[in-house]
Amino acid sequence: MKKMLFPAALTLAFWSGISMLPAYDVKTAALTPVEFQSTPEHAPVSLVKNGKPDFVIVTDKQAETRMQGKNRTQKSIAPAVEILLEAFEKCTGTRPEVVDVKEASKYPRMIVVGDCSIARENGVDVSRLPPQGLAVKTFPKGIILAGNDSSLIEGYNSKPLEGRGSSTGTKYAAYDFAERFLGVRYFFPGEYGTLWPEIKELTLTPVSYTDAPYFDTRGGQWYLGHQTTGTPAGKKFWEPYLGKLTAKDDQFFDRWRMGGTIPGGGSHCPRPERIAKAYPDRLKTIFYTSPVGNFWYNPKAHVGNYFDVVNLEFADLLIDSLQKFYASDGKTDEGGYRDQGCNNTYISFGMCDTLMPDTDVVNNPTVKQLGLMTPKDIARGPNSGMANIYARFHQYLAQWIQKEFPGKKLYIMAYYNVQFAGDDPRWKLPPNTEVNLCLGSLPNKTRSKEVMKESVNIAREWYESLGNRPVQKLWLYQGANPFIVAVSGEFVGDIPEIFGKYLGRTSLFFDHCMDSPGNVWFHYPATYAAYRSMWNPKWNVEAGIDEHWEPFYGREAGDFLRRFHKLVKDCYLKYGVNAEKSQPLLYPVTELAKMEELLDKAQKAVKPGTVEEKRMKLFCAPWPKAIQSMKNQISYERPVHSVYQLLGNEKVTLDGKADESFWKKAKPMNLIDPKGSSDKPKYPASLKLAWDKSGIYGLFETSYGPVADKKKDIWANDNYEVLLSPGMKREVKYQFVFDALGNQFLGTQRLLPIPQPFDSYWKAPGFKHVSTSDSQKWTVEFFIPFSVFQDVKVPSPYETWFCNVVRNKADPREYSGTSMTLGNNHNLNMFGIIKFAGKGD
């Protein structure tokens, strides 16, 4: 740990038992940089003597109370006082006294919190600070911590649909003081996650600085709270690692200064189930129907729905529905608008989480007549074919909004088929349009020049489509691979410099949903880095993370973990950042061995029963499985499963009873963890295949009952997936999915000579499956005729196909399969093989 001295009489020793550390450094690289102002002229001020606070906290106790009922916003000053009380109690063992500003003249030393007469008399004018801005300034009697607080603004956010977030500058000033002057560090929630230095002496030398966030809105807190104390399951999962969790831990993200003031927008809007319920007779207007009759409406889930953006009557319907919403101040909410980013500033429009294949749209009469999807459009990039279809729809909707809702903007969610901006000059976007761009490459690939070149080009095209205005929001994803999640947050600070003028300063949103419930806190250094970087992208990430190892884990263990973390990051930058998306992330076995050695030494270096050991449990938890998984991937041998050939007198009756005697001769397929770990399924299944010249038969059995809810769609129930690619050329892939209720999903995709979109409306005439189930078992028999496979001959004995069978258990949740596809069931490169056995084999 780099030791830095500052001319102040603060000394502190961390409770973890390491030696005394030097005085605070307000310019420490471990914290986000601030903007220093003219240094006040006064003598140093002593606040802690012999381990006891020698000051009072002064605040205008009525400041926020006077505004009660006159605005709708979070408090800032009262929480700031609580932050300081907690910090000093943890660091000195004593809670300071809190007095009203009217009594302040009685006391020689003080910490002044929030806007008040003392702050103003000493030149701290919070009205001049930007939203969420903070000011820290010493004066002869102590220090002032104040900020831009919406809790002091009459009428703030008081309109029903104003939708503004809170400005809590004073609260942020209190956190900054606790970190910068006391050495407190907030890394994760619970009783083990905060570093509280023991403070014996604290003398402040004159200083004055201000700070404010680079991005107004720093989002993702729903995942951080919801996945910890937000649900009983989350709390049960995390408490063994984080220690006791309390209600305030649900708001831990406050300590990382997450939040924002600008109203939200650019989300999945409207909600398909809400708009369908409001207009049951207009479903054909709302949801798309392809020229061959594929109706993209799924009443049981969000996924599987697709709005008909070819039909401008759908935009007219939205406008009518939104008129009711705004006329009623949000009480008539037919589309779930309030929760999806519709307010007095923005009207959001965004697709459902569904990818539309170009083949379902290219022959639409309107698309053909207007030339909305050309070969040039399709060639721009993955999922680019519908760019001008959406541009036309967005333009029309935005013009309607301009007319009917003056002052409001259309906020587009640019995702999946909407990722590319329209480039047809007929469909330029009006000025009342903003964009939330979801690229999928951020933050993981910021260090890949090739990927960033493509990503910046997409942003540039939106910039030009918007009339040379920047994209205002980026949606970030990191996936669930521990080797990536452990470091990707450190690359968030790269984003503003990479995108330059094509990115505004409104919002970054970090979507952790793929990590549920596992990676957010196991890899807390990267999560910490991500949100610190949103506040100030120029923060020195390496210094911020490097500083914490020894104080948090002890000198010896901390050094081992520092080296481990550096090795994980170096390996990703060397082997992962430029790896092809279709290829597994693999590191040399020698590097994995070094990782294991460092973790082993770190664990042995901490004393049993200490807080360092408890923190170590959290940090190390995911790595044995992750490292073993990567080793298994390296040594993976594609499994070969024998498909029993029926003899002439053996027949199958598809009744779900499995009483045919030949099934006893068929060899079961082995289920593994598709992500590569050595864990065996807790809920195994027997999977057997057989064949004759007509097709493939299957018998899948479990000794436990399935989740089979008629109100849920197939993906929310227990189900099986059978994926096949005839032959060994990987030309075409077929998917058969079924549950115990008889629901099914079918799809196919041609991969050679040129990859085509996945067709989820493919039909498989003759495919059958019959289940019998109760609370103790589930038996399903199925038949796939060879005739459903395009241009495929009946296989000869000993021919081979690629195959992957997936078992999805809904509750308790478990995912297993016959191939190590690394979490992507369609990863054909990792499929196992089925061999059609000869008679008598």
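That block above? That's the structure.
Being a predicted model, the structure only gives us computed values, none of them experimental.

(A) How the structure looks around the packing of aromatic side chains. Applying the stated criterion across every chain, the model contains 79 aromatic pairs. When the centroid spacing of 5.9 Å and the interplanar angle of 40° are considered together, the rings of Y575 and Y587 count as tilted. Taken together, the residues Y575 in helix α19 (residues 555-576) and Y587 in the loop between α19 and α20 (589-605) connect sequence positions 12 residues apart. A centroid spacing of 4.9 Å and a plane angle of 80° characterise the contact between Y734 and F789, whose relative ring orientation is edge-to-face. Taken together, the positions of Y734 in strand β24 (residues 732-739) and F789 in the loop between β27 (778-785) and β28 (800-809) put the pair 55 residues apart, joining distant regions of the chain. Taken as a pair, Y734 and F789 share a single burial class, namely buried. Over the ring of W535 we find R257; its NZ or CZ atom is 4.8 Å from the centre of that ring.

(B) Summary view of the environment of Y24. Tracing the backbone through its elements, the reader meets Y24 in the loop between β1 (11-14) and β2 (35-36). For the pair Y24 and M669, spaced 645 residues apart in sequence, the C-alpha to C-alpha distance is 62 Å. From its side chain, Y24 meets the backbone nitrogen of T205 in a polar contact 3.4 Å long.

(C) Looking closely at the state of the cysteines. According to the stated counting rule, one finds 0 disulfides in the structure shown. Not engaged in a disulfide, the cysteine C342 finds its nearest cysteine sulfur in C269; these two sulfurs lie 3.8 Å apart.

(D) Region of interest: the environment of A579. In this structure, A579 sits in the loop between α19 and α20. Residue classification places A579 among the partly exposed residues on the basis of a relative accessible area of 24%. For the pair A579 and K445, spaced 134 residues apart in the sequence, the C-alpha separation amounts to 9.7 Å.

(E) Up close: the pattern of salt bridges. Going through the model one piece at a time under the given rule, you end up with 45 salt bridges. Across the salt bridge formed by D176 and R257, the nearest N and O atoms sit 3.0 Å from each other. Note that D176 is positioned in helix α3 (residues 169-180) and R257 in the loop between α5 (232-242) and α6 (272-278), a separation of 81 residues in sequence. A single burial state applies to D176 and to R257, both of which are buried. One salt bridge connects E334 with K324, and the closest N-O pair in it is separated by 3.1 Å.

(F) Structural view of the side chain of E721. As for its position among the elements, E721 is in strand β23 (residues 719-725). In this structure E721 is buried but unpaired, with R813 as the nearest side chain of opposite charge at 9.4 Å. Beyond its immediate sequence surroundings of up to four residues, E721 is in contact with W715, Q735, F736, V737, N804, V805, V806, N808 and N825.

(G) Region of interest: the packing of α5 against helix α21 (residues 611-620). One can describe the packing of α5 onto α21 by two numbers: an axis separation of 8 Å at closest approach and a directional angle of 130°. The angle between α5 and α21 places the two elements in the oblique class. Contacts from W238, P240, Y241 and L242 of α5 reach α21 at K614, K617 and L618. A breakdown of the residues in the contact of α5 with α21 according to their chemical character gives 5 nonpolar, no polar and 2 charged.

(H) Looking closely at the sheet that holds strand β14 (residues 217-219). An order of β14-β19-β18-β17-β16-β15 is seen for the 6 strands of this open sheet, with the pairing classed as parallel. Each having just a single partner strand, β14 and β15 (346-349) make up the two edges of the open sheet. Taking each pair of neighbouring strands and ignoring which way they run, the sheet shows an average axis angle of 25°. As paired strands, β15 and strand β16 (residues 409-414) are joined by 4 bridges and run parallel to one another. For F349, the partnering residue across the bridge sits in β16 and is I412.

Here is what the cut-offs are and how they apply
- Residues numbered from 1 in each chain as written.
- Predicted model: local features only at pLDDT ≥ 70, side-chain atom pairs only at ≥ 80, totals over all residues.
- Heavy atoms only, no water.
- Phe/Tyr/Trp six-rings, centres within 6.5 Å; stacked < 30°, edge-to-face > 60°.
- Helix = DSSP H or I, 4+ residues; strand = E, 2+ residues; numbered from the N terminus.
- Buried < 20%, exposed > 50% of the residue type's maximum accessible area, 1.4 Å probe, protein only.
- Lys NZ or Arg CZ within 6 Å of the ring centre and 35° of its normal.
- Polar contact = N/O pair within 3.5 Å; in protein donor to acceptor, adjacent residues only side chain to side chain.
- Disulfide = S-S within 2.5 Å.
- Salt bridge = Lys/Arg side-chain N within 4 Å of Asp/Glu carboxyl O.
- Lys, Arg positive; Asp, Glu negative; His and termini not counted.
- Contact = heavy atoms within 4.5 Å.
- Axes fitted to C-alpha atoms, helices over the stretch in contact; angles between N-to-C directions.
- Parallel < 35°, antiparallel > 145°, perpendicular 65-115°, else oblique.
- Nonpolar A, V, L, I, M, F, W, Y, C, P; charged D, E, K, R; others polar.
- Pairing = 2+ DSSP bridges.

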